[in-house]
4 protein chains.
Amino acid sequence: MIIILRPHSTDADVRAVEQRVREAGYEPHTIRGEVRTVVACVGDESQHASLESLVSLPEVDNVLPVQRKYKLISRETHPDAAVVNAGGVAIGGPALQVIAGPCSVESREQILATAAAVRAAGATLLRGGAFKPRTSPYEFQGLGDEALALLAEARAAEGLPIVTEVLREGDVDKVAAAADLLQIGARNMMNYSLLERVAATGKPVLLKRGLAAKVDEWLLAAEYIVKRGNRQVILCERGIRTFETATRNTLDLGAVAVAKRECCLPVVVDPSHAAGRADLVLPLALAAIAAGADGLVVEVHPRPAAALSDAAQQLDFAAFERFMQAIRPFVAAAGRRLSS
Amino acid sequence: MIIILRPHSTDADVRAVEQRVREAGYEPHTIRGEVRTVVACVGDESQHASLESLVSLPEVDNVLPVQRKYKLISRETHPDAAVVNAGGVAIGGPALQVIAGPCSVESREQILATAAAVRAAGATLLRGGAFKPRTSPYEFQGLGDEALALLAEARAAEGLPIVTEVLREGDVDKVAAAADLLQIGARNMMNYSLLERVAATGKPVLLKRGLAAKVDEWLLAAEYIVKRGNRQVILCERGIRTFETATRNTLDLGAVAVAKRECCLPVVVDPSHAAGRADLVLPLALAAIAAGADGLVVEVHPRPAAALSDAAQQLDFAAFERFMQAIRPFVAAAGRRLSS
Amino acid sequence: MIIILRPHSTDADVRAVEQRVREAGYEPHTIRGEVRTVVACVGDESQHASLESLVSLPEVDNVLPVQRKYKLISRETHPDAAVVNAGGVAIGGPALQVIAGPCSVESREQILATAAAVRAAGATLLRGGAFKPRTSPYEFQGLGDEALALLAEARAAEGLPIVTEVLREGDVDKVAAAADLLQIGARNMMNYSLLERVAATGKPVLLKRGLAAKVDEWLLAAEYIVKRGNRQVILCERGIRTFETATRNTLDLGAVAVAKRECCLPVVVDPSHAAGRADLVLPLALAAIAAGADGLVVEVHPRPAAALSDAAQQLDFAAFERFMQAIRPFVAAAGRRLSS
Amino acid sequence: MIIILRPHSTDADVRAVEQRVREAGYEPHTIRGEVRTVVACVGDESQHASLESLVSLPEVDNVLPVQRKYKLISRETHPDAAVVNAGGVAIGGPALQVIAGPCSVESREQILATAAAVRAAGATLLRGGAFKPRTSPYEFQGLGDEALALLAEARAAEGLPIVTEVLREGDVDKVAAAADLLQIGARNMMNYSLLERVAATGKPVLLKRGLAAKVDEWLLAAEYIVKRGNRQVILCERGIRTFETATRNTLDLGAVAVAKRECCLPVVVDPSHAAGRADLVLPLALAAIAAGADGLVVEVHPRPAAALSDAAQQLDFAAFERFMQAIRPFVAAAGRRLSS
């Protein structure tokens with residue numbers, strides 16, 4: 001920690017701050033500048049109390065941390081990239097994985113047809129919402145338990161591991177029983193009790209970035225899971241909320257690049273939610289591959305105009321097949337391969 | 001719903017869209033403009049399926065809703081302002097209520113001293129965190145059950161109703177037993193299953209606005225609670241996340257004014273979290289009163305520099321006493337009174 | 001400046017950084033922490049070259065400035081609040097000033113009628129756009145020179161000093177001849193050559209905050225003007241751009257409070273542009289007064305529905321008269337008075 | 001335009017609105033819904049007065065435009081992509097162009113060495129700032145006229161066309177004489193008088209997106225230039241301002257994809273300003289290529305740690321050479337080629 005004092009601080013001010021620093025378990029080193037005085041505090045910030053509370057002292061202008069707050073996932077401690085195994089599919093390894101499927105599971109026909117179509121086109125995991133967090137209580141909330149059973153049937157039919165979102169702590173066990181990869185949605189990224197509950201299942205977790213989450217907050221959410229002993233975490237960038245309304249969200253590929261440098265976890269990208277419109281899914285997916293993403297999450301529906309949620313951004317089967325062809329040269333340029 | 005077709009749409013395009021509109025239960029009225037064709041769809045959007053999915057049709061450029069999605073809390077259906085009773089204190093009536101207390105309950109001495117001090121200064125409810133959602137898993141997470149017991153003790157001692165946050169569905173019953181007003185934090189505003197669980201207790205709910213929630217999303221979150229039969233909802237604006245870093249969040253008083261016009265629920269403001277620094281709490285509180293807030297949430301701590309969370313923004317007792325004096329003329333200017 | 005080195009930096013790394021620091025005119029003080037090494041650099045940052053470029057060295061993780069970059073307007077050097085004299089009206093003194101008038105000057109009748117109406121209601125300066133910056137080249141761009149003449153006529157008729165925006169460096173002299181207070185619009189806050197050109201006229205300047213300007217960038221824009229020898233600068237907060245669309249912009253009253261603490265200049269607030277709708281102008285104006293604003297800028301038009309620009313947010317004469325009555329108790333609560 | 005009336009509007013309300021619509025030159029078509037009444041207005045919005053002012057009528061809830069406001073650059077009128085010729089280099093054609101050079105021209109040695117290095121590595125245009133818009137008046141403001149002469153010398157030496165920013169209307173002629181492509185910086189995107197002045201030179205213009213500009217505002221800024229008869233406009237995305245601070249700005253590649261679909265102009269990307277740090281320039285550049293960018297703008301400096309501006313984000317010569325090698329497979333995957 002670095003403590004910056006207010007201008008014209010007196011010797012007594014400085015001594016008062018130094019005293020507080022020692023009480024908190026750090027060794028103060030004071031440097032008197034021409035205009036400002038600075039107290040550098042030596043000590044491991046992860047072992048002692050935080051000094052940030054000292055900003056409330058009248059003689060202190062600012063307190064600046066110098067260490068990262070996440071450590072279990074940090075590249076400083078884990079220089080090598082982690083690979084997460086989701087139902088036999090390796091995410092974060094040499095192959096780029098495509099997770100595809102409908103926004104919501106709507107019927108047996110819909111999910112089985114989609115599973116077959118996305119597998120044929122080259123997807124390696126099947127997504128589908130059973131429990132849907134919807135902004136309005138009057139919108140379709142998902143088929144729930146019935147959807148979990150349909151996803152299991154689709155897995156049996158096509159052999160694709162299943163990704164689905166869990167919303168409630170009380171649902172964690174049944175969703176974990178049905179899914180190979182548990183999704184935490186953007187709205188729940190800071191629902192730490194859900195994160196800890198999901199961590200306890202030992203299943204891999206797909207952690208979507210919150211709409212307004214800074215990169216370090218996203219990594220700290222992952223740290224919550226890893227701290228509970230579950231290292232199987234995949235980060236998923238899906239666009240952040242900004243002033244721009246031409247797209248549903250603003251895809252932040254800088255965050256993907258930063259996350260890959262800062263932590264050891266795989267990072268995948270969901271261009272469907274970022275774009276919010278089908279015609280932009282491909283260019284954003286290509287950009288994500290080029291920026292270093294380890295995988296993609298793409299919404300696919302047999303008949304998007306009849307979808308019960310997120311109709312505007314889902315690809316139909318033909319479009320998804322073209323999509324899978326179109327990404328190939330970029331996957332190769334990135335030095336990777338598709339699994340299939 | 002208004003459907004805007006792409007330029008140069010053909011008669012066949014228009015008929016295809018009209019057909020879809022009828023299938024969804026609406027009556028289409030088509031107006032061919034000089035450049036664009038528009039299909040106005042007559043029908044109650046709250047009774048029929050949404051037409052938003054039609055935006056995925058190639059001939060459609062945009063689909064615009066014309067109705068508000070919330071209805072139970074809307075001023076259109078409830079022109080009169082609702083008053084919420086929290087442990088005997090009326091929020092939304094002629095008196096402006098001040099909810100005060102520490103960010104976290106840290107000890108028996110701390111919470112009892114604070115309860116006495118804030119009551120003496122004129123606060124009418126006591127806040128205090130028992131379960132704390134913290135961005136880092138290494139930060140103080142609250143005293144939990146012990147804090148609930150201490151809050152109950154403080155209530156008994158000072159007679160102030162208790163406000164405290166509930167984080168986990170599994171904790172709802174015990175927190176509801178201890179608290180008079182259940183707080184949903186900003187991170188959980190879109191945790192709809194928690195909202196529904198809290199609604200079921202029948203206790204009043206303080207619903208904080210999410211960091212990136214638009215006003216209509218905030219009102220729809222309230223609608224989730226009211227739809228479950230619990231009309232005792234108080235909205236709380238506490239600043240949104242923007243590019244500005246001079247304050248911890250950006251207090252959005254326009255949202256307070258909009259919420260008061262759009263819905264019948266009381267709206268309170270938390271200047272402490274918006275400011276993130278103690279010296280700005282008073283000017284933001286005054287502004288909130290002037291903008292029409294029904295109450296304030298203010299963090300108070302016996303010794304802020306020793307606080308285990310949010311040290312920078314908490315007022316000490318003397319500052320809170322000055323605060324309560326300073327707000328008086330603005331409360332009067334707003335045509336309201338303080339309870340005490 | 002504080003320089004934070006990467007973890008595991010060697011003695012050679014540290015010496016290399018210290019050498020650079022000395023070359024730039026500072027004295028390095030190195031503190032080796034348990035995890036990180038920090039180099040505090042003693043020297044006046046306003047006298048020596050910036051050390052921020054050192055962040056490009058591979059051994060450096062971050063460089064943090066510890067001094068404010070503005071100094072001529074800083075409270076550190078100017079503890080007392082400045083008062084700006086705009087055509088005989090004192091802004092920043094005990095009286096709260098109301099600047100009112102149409103978005104655009106549209107006709108002789110319109111501006112004369114508005115001048116009479118706003119003066120009668122208690123406004124002390126008249127605003128009106130002669131040159132309008134419009135997002136679309138197909139929208140009304142203002143009457144230009146004709147509007148300047150009409151504003152002069154209105155000043156002669158009603159005795160109110162004139163506020164109008166200047167867009168082009170080539171127009172500065174003629175606008176300065178016609179106006180008592182030169183407005184720099186939000187779009188031009190970072191048009192530094194225009195700021196310097198306006199500074200040179202010696203006329204007072206109303207500097208609107210840019211849509212995406214942080215407080216320190218706003219203050220540095222003011223510093224550009226003051227550095228040219230013109231201390232007559234008034235800051236104007238008018239809302240920033242955020243994700244929220246319920247209001248045209250998000251009024252940031254925290255920025256008003258911060259600006260008042262950080263610098264000596266008067267700060268006024270434009271609730272009309274922040275709200276973007278007439279019914280929210282009053283609550284935001286009241287909030288601005290309570291937050292400490294030294295004045296208000298309010299758009300008034302004889303018949304808003306016929307206005308050539310910003311129709312939605314302009315008040316008609318009756319509404320403005322009610323507005324002026326409604327602000328009185330809040331002006332008094334703030335310990336101020338209206339001029340009239 | 002679509003006008004949405006308030007709930008419970010009377011026949012008289014509707015007739016009043018229809019009357020206004022006719023006065024403005026449109027034909028009203030009224031549809032009475034179950035809850036809301038809507039008036040669709042037939043007429044070319046680019047020929048008649050805007051109806052947006054009607055939102056100020058008490059019976060009107062909202063007014064929604066249905067046409068794009070830009071037309072000269074719209075794909076609706078210009079389906080084919082435009083190619084801009086900048087000093088003999090075609091931007092927007094099959095070749096992807098790389099514009100490289102220092103943030104600021106600092107000395108003869110610096111700019112000549114950089115020109116030689118970037119040309120050798122494959123760049124096809126040379127950038128370099130002569131006039132620098134700096135947030136603080138105390139920072140280096142560029143060498144000005146001397147820099148223009150040095151750029152001309154570099155062009156003569158290496159044969160690369162020159163890109164440099166123009167800040168002041170008074171400088172436009174001399175900068176146009178020295179440069180092959182005139183840059184409008186992000187701070188000046190809404191400085192419409194500068195845009196018109198630059199348009200009049202007939203030189204190609206590189207129009208950077210403003211920090212808080214929506215895509216349609218950016219395209220309307222381009223429309224200002226094209227409306228003056230200069231169709232040689234290149235759009236440049238360089239990141240927008242959001243809450244995220246891990247990167248200097250948030251690169252918005254969705255905006256690139258939208259701009260390419262909406263308008264006929266070439267779009268290039270500046271990953272250096274978006275990233276703000278050298279190690280992220282490559283991944284963001286690769287992503288930009290994949291998203292469909294027609295070119296890149298990359299900052300290169302002989303010795304970044306000694307740079308007078310933007311040190312953190314500039315590549316040294318060796319890094320730029322690696323950069324040019326690294327982009328090759330992605331340029332090929334995008335079906336394009338590098339010029340050299």
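Being a predicted model, the structure only gives us computed values, none of them experimental.

Analysis parameters
- Residue positions are given per chain, counting from 1 as you read along its sequence in written order.
- Going through the entries in the order they are written, you letter the chains from A and number the ligands from 1.
- Confidence filtering applies because this is a predicted model: local features only for residues at pLDDT of at least 70, side-chain atom pairs given and counted only at 80 or more, and all residues used for totals across whole chains, interfaces and linings.
- What counts as a contact is two residues whose backbone-derived C-beta atoms lie within 7 Å of each other.
- By the criteria applied, helices consist of DSSP H or I runs no shorter than four residues and strands consist of E runs no shorter than two, each listed in order from the N terminus.
- Throughout, the ten residues Ala, Val, Leu, Ile, Met, Phe, Trp, Tyr, Cys and Pro are labelled nonpolar, Asp, Glu, Lys and Arg are labelled charged, and all others, Gly among them, are labelled polar.
- Note that domain bounds follow an automatic or database assignment of domains.
- All copies are superposed by least squares; the fitting set is the C-alpha atoms of residues with a pLDDT of at least 70 in both.
- Burial in this document is a count-based property: other C-beta atoms within 10 Å of a residue's C-beta are tallied, and the residue is buried at 20 or more, exposed at 12 or fewer, or partly exposed in between, with C-beta positions derived from the backbone.
- Should DSSP find at least two bridges between two strands, the strands are regarded as paired.
- Note on geometry: axes are lines fitted to C-alpha atoms, helical ones only across the stretch in contact, with angles between N-to-C directions running from 0 to 180 degrees.
- The span expected for a helix works out to 1.5 Å for each residue beyond the first.

Comments concerning the interface of chain C and chain A
Right, on to step 1. The interface of chain C with chain A comprises 21 residues on the first partner and 21 residues on the second.
Right, on to step 2. Mapped by element, the contributors of at least two residues to the side of chain C that touches chain A are β1 (2–5), β2 (27–32) and β3 (37–42) of chain C.
Right, on to step 3. Among the elements that line the side of chain C that touches chain A, the one with the most residues is β3(C), at three residues.
Right, on to step 4. Of the residues in the side of chain C that touches chain A, the class split is eleven nonpolar, five polar and five charged.

Some thoughts on the interface of chain D and chain A
Right, on to step 1. Listed by partner, the interface residues are 32 residues for chain D and 32 residues for chain A.
Right, on to step 2. With seven residues, the single largest contributor to the side of chain D that touches chain A is helix α9 (residues 281–291) of chain D.
Right, on to step 3. Taken together, the residues of the side of chain D that touches chain A sort by class into 23 nonpolar, six polar and three charged.

Quick notes on the domain arrangement of chain A
Right, on to step 1. Along its sequence, chain A is carved into domain 1 (2–64) and domain 2 (84–338).
Right, on to step 2. Computed from C-alpha coordinates alone, the two centres of domain 1 of chain A and domain 2 of chain A are separated by 45 Å.

Concerning the relation of the copies chain C and chain A
Think of it as a corkscrew move, a rotation about one axis and a shift along it, taking one chain copy to the other.
Right, on to step 1. The transform that puts chain C on chain A rotates by 180 degrees and translates by 0.0 Å along the axis, for an RMSD of 0.0 Å. Here the symmetry operator amounts to a two-fold rotation axis. No C-alpha of chain C lies nearer the rotation axis than that of Phe243(C), which sits 2.1 Å from it.
Right, on to step 2. Comparing interface residues between copies, 100% of those in chain C also sit at the interface in chain A, which points to an isologous, same-surface contact.

Regarding the pairing of strand β11 (residues 205–208) of chain C
Residues and elements named next belong to chain C.
Right, on to step 1. Residue alternation in β11 divides its side chains into two sets, Val205 and Leu207 and Leu206 and Lys208, and both sets are buried.
Right, on to step 2. Here strand β10 (residues 181–184) pairs with β11 via three bridges, running parallel. The partner of leucine 182 across the bridge, within β11, is valine 205.
Right, on to step 3. Here β11 pairs with strand β12 (residues 233–237) via four bridges, running parallel.

Observations concerning the sheet that holds strand β2 (residues 27–32) of chain A
Residues and elements named next belong to chain A.
Right, on to step 1. Strand order in the open sheet made by the four strands is β2-β3-β1-β4, with antiparallel pairing throughout. Only two strands of the sheet have a single neighbouring strand rather than two, namely β2 and β4 (60–64). Taking each pair of neighbouring strands and ignoring which way they run, the sheet shows an average axis angle of 20 degrees.
Right, on to step 2. With six bridges connecting them, β2 and strand β3 (residues 37–42) associate as antiparallel partners. When the bridges of β3 are listed, isoleucine 31 appears paired with valine 38.

Quick word on the pairing of strand β14 (residues 295–299) of chain B
Residue and element names in this part refer to chain B.
Right, on to step 1. Of all five residues in β14, five are buried, a share of seventy percent or more.
Right, on to step 2. Side chains Gly295, Val297 and Glu299 of β14 all project onto a buried face; the interleaved residues Leu296 and Val298 project onto the opposite face, where all are buried too.
Right, on to step 3. Sheet topology note: the strand β7 (residues 95–101)/β14 ladder contains five bridges and is parallel. Residue pairing for β14: glycine 101 is matched across the bridge by glutamate 299.
Right, on to step 4. The pairing of strand β13 (residues 267–269) with β14 spans two bridges and is parallel. Pairing of valine 269 across the sheet is with leucine 296, part of β14.

Quick notes on the environment of Ser50(C)
Residue and element names in this part refer to chain C.
Right, on to step 1. With respect to the element layout, serine 50 can be found in the loop between β3 and β4 (60–64).
Right, on to step 2. Here serine 50 falls in the buried class, since 20 other C-beta atoms lie within 10 Å of it.
Right, on to step 3. Put simply, serine 50 and lysine 71 are 21 residues apart on the chain and 16 Å apart in space, counted from C-alpha to C-alpha.

Things to note about the environment of Leu167(A)
Right, on to step 1. Residue position: Leu167(A) is located in the loop between β9 (162–165) and α4 (172–178).
Right, on to step 2. Here the alpha-carbon distance between Leu167(A) and Gln314(A), two residues 147 residues apart in the chain, equals 22 Å.

Side note on helix α6 (residues 215–227) of chain C
All names here are of chain C.
Right, on to step 1. Spanning 13 residues, α6 covers 18 Å between terminal C-alpha atoms, matching the ideal 18 Å at 1.5 Å per step.
Right, on to step 2. Burial analysis of α6 places ten of its 13 residues in the buried class, which makes it a mostly covered element.
Right, on to step 3. Taken as a whole, α6 has its buried residues at Val215, Trp218, Leu219, Leu220, Ala221, Ala222, Glu223, Tyr224, Ile225 and Val226.
Right, on to step 4. Packing partners of the buried residues in α6 comprise α5 (192–199), β11, β12 and α7 (253–262).
Right, on to step 5. Of the residues one or two after α6, glycine 229 is the one with positive phi, at around 95 degrees.

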